[in-house]
Amino acid sequence: MIKFNEGSFVMNKAKTKRRDIHFRSEKTGRVMCVHSAAERANAKELEKDDQVLSYETGVALDPERYTYVYPLDIRKDYFKVEWASDFVVHFENGTVGVRELIQVEGLTKRAEMEKLEFSRRYWSLENVASWKAVIMEKGE
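Residues numbered from 1 in each chain as written. Predicted model: local features only at pLDDT ≥ 70, side-chain atom pairs only at ≥ 80, totals over all residues. Heavy atoms only, no water.

This part is about the overall build of the protein. What the protein contains, in helices and strands, is 2 helices and 8 strands. When the elements of the protein are put in sequence order from the N terminus, they spell out β-β-β-β-α-β-β-β-α-β. Classification of the 140 residues of the protein by burial places 43% in the buried group. Of the contacts made within the protein by residues no fewer than 6 positions apart, 68% connect residues no fewer than 24 positions apart. Entry remark: accessible area of the protein is about 8,000 Å², with carbon and sulfur atoms responsible for 50%. (Helix = DSSP H or I, 4+ residues; strand = E, 2+ residues; numbered from the N terminus. Buried < 20%, exposed > 50% of the residue type's maximum accessible area, 1.4 Å probe, protein only. Contact = heavy atoms within 4.5 Å. Areas by Shrake-Rupley, 256 points an atom, 1.4 Å probe, with all protein chains shown as cover.)

On to a nonpolar patch on the surface. Residues V104, L107, M113 and I135 make up a contiguous nonpolar surface patch of roughly 260 Å² in combined accessible area. As for its position among the elements, M113 is in helix 2 (residues 110-125). (Patch = residues over 30% accessible without salt bridge, like charges linked within 9 Å, V, L, I, M, F, W, Y side chains within 5 Å. Salt bridge = Lys/Arg side-chain N within 4 Å of Asp/Glu carboxyl O.)

Here we take up the confidence of the model for the protein. Put simply, the protein has an average pLDDT of 89, and 86% of its residues get 70 or more. Between residues 1-8, whose pLDDT stays under 50, and residues either more than four places distant or in other chains, the model counts 29 contacts. (pLDDT = per-residue confidence, 0-100.)

Bringing the pairing of strand 3 (residues 21-25) into the picture now. Strand direction decides the pairing type here: strand 3 and strand 4 (residues 30-34), joined by 5 bridges, are antiparallel. Residue pairing across strands places H22 opposite C33, the latter belonging to strand 4. The turn linking strand 3 back onto strand 4 is made up of 4 residues, and G29 within it adopts a positive phi angle of 75°. (Pairing = 2+ DSSP bridges.)

Time to look at helix 2. Relative to the 22 Å expected for 16 residues at 1.5 Å per residue, helix 2 spans 23 Å between its end C-alpha atoms, a close match to the ideal helical length. Those residues of helix 2 lying buried are E112, E114, K115, L116, F118, S119, R121, Y122 and W123. Where the residues of helix 2 are buried, they touch strand 5 (52-60), strand 6 (83-91), strand 7 (96-103) and strand 8 (130-138). Among the residues trailing helix 2, N127 stands out with phi positive, at a value near 60°. (Expected span 1.5 Å × (residues − 1).)

With that out of the way, let us pick up the packing of aromatic side chains. Each pair of aromatic rings is reported with the distance of its centres and the angle of its planes. Enumeration over the complete set of coordinates arrives at 6 aromatic pairs. With centroids separated by 6.2 Å and ring planes inclined at 85°, the aromatic side chains of Y66 and Y122 adopt a geometry described as edge-to-face. Here Y122 lies in helix 2 and Y66 lies in the loop between strand 5 and strand 6, a separation of 56 residues in the sequence. For the pair Y66 and Y122, a shared accessibility class is recorded, and that class is buried. Here a set of aromatic residues connected by ring pairs shows up, and it is made of Y66, F79, F118, Y122 and W123. The cationic tip of R40 hangs over the ring face of F23; the distance from NZ or CZ to the ring centre is 3.8 Å. (Phe/Tyr/Trp six-rings, centres within 6.5 Å; stacked < 30°, edge-to-face > 60°. Lys NZ or Arg CZ within 6 Å of the ring centre and 35° of its normal.)

The following block contains the structure:
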């Protein structure tokens with residue numbers, strides 16, 4: 001687990017104003033933007049991973065594709081929100097993965113679990129080979 005010192009997060013609402021952290025990525029060759037120290041810590045891990053070719057941050061989900069997401073046990077309001085996934089990862093073997101960050105305390109909250117499941121179902125429709133929730137442990 002990666003440690004962090006800030007609040008809750010799982011699949012953020014797209015186009016929402018929040019703090020930006022900009023950094024230069026060696027993997028992508030460009031300046032990247034994340035919205036929390038936890039996301040920055042995860043980006044550092046992706047930078048070190050030899051299997052990662054490149055990655056994108058804050059990738060907006062296409063609301064037109066929501067109609068294909070199986071709605072069982074996901075509140076209807078979630079289908080009316082524009083969401084963004086934390087990381088879309090491109091691996092050297094040509095596959096694509098998605099990483100959604102969640103703090104360990106969020107694992108007991110139904111709303112957080114519904115957002116994770118919404119993301120998992122959405123990306124499974126996009127033939128993503130590797131979808132994972134990255135559990136972040138609250139730091140000192």
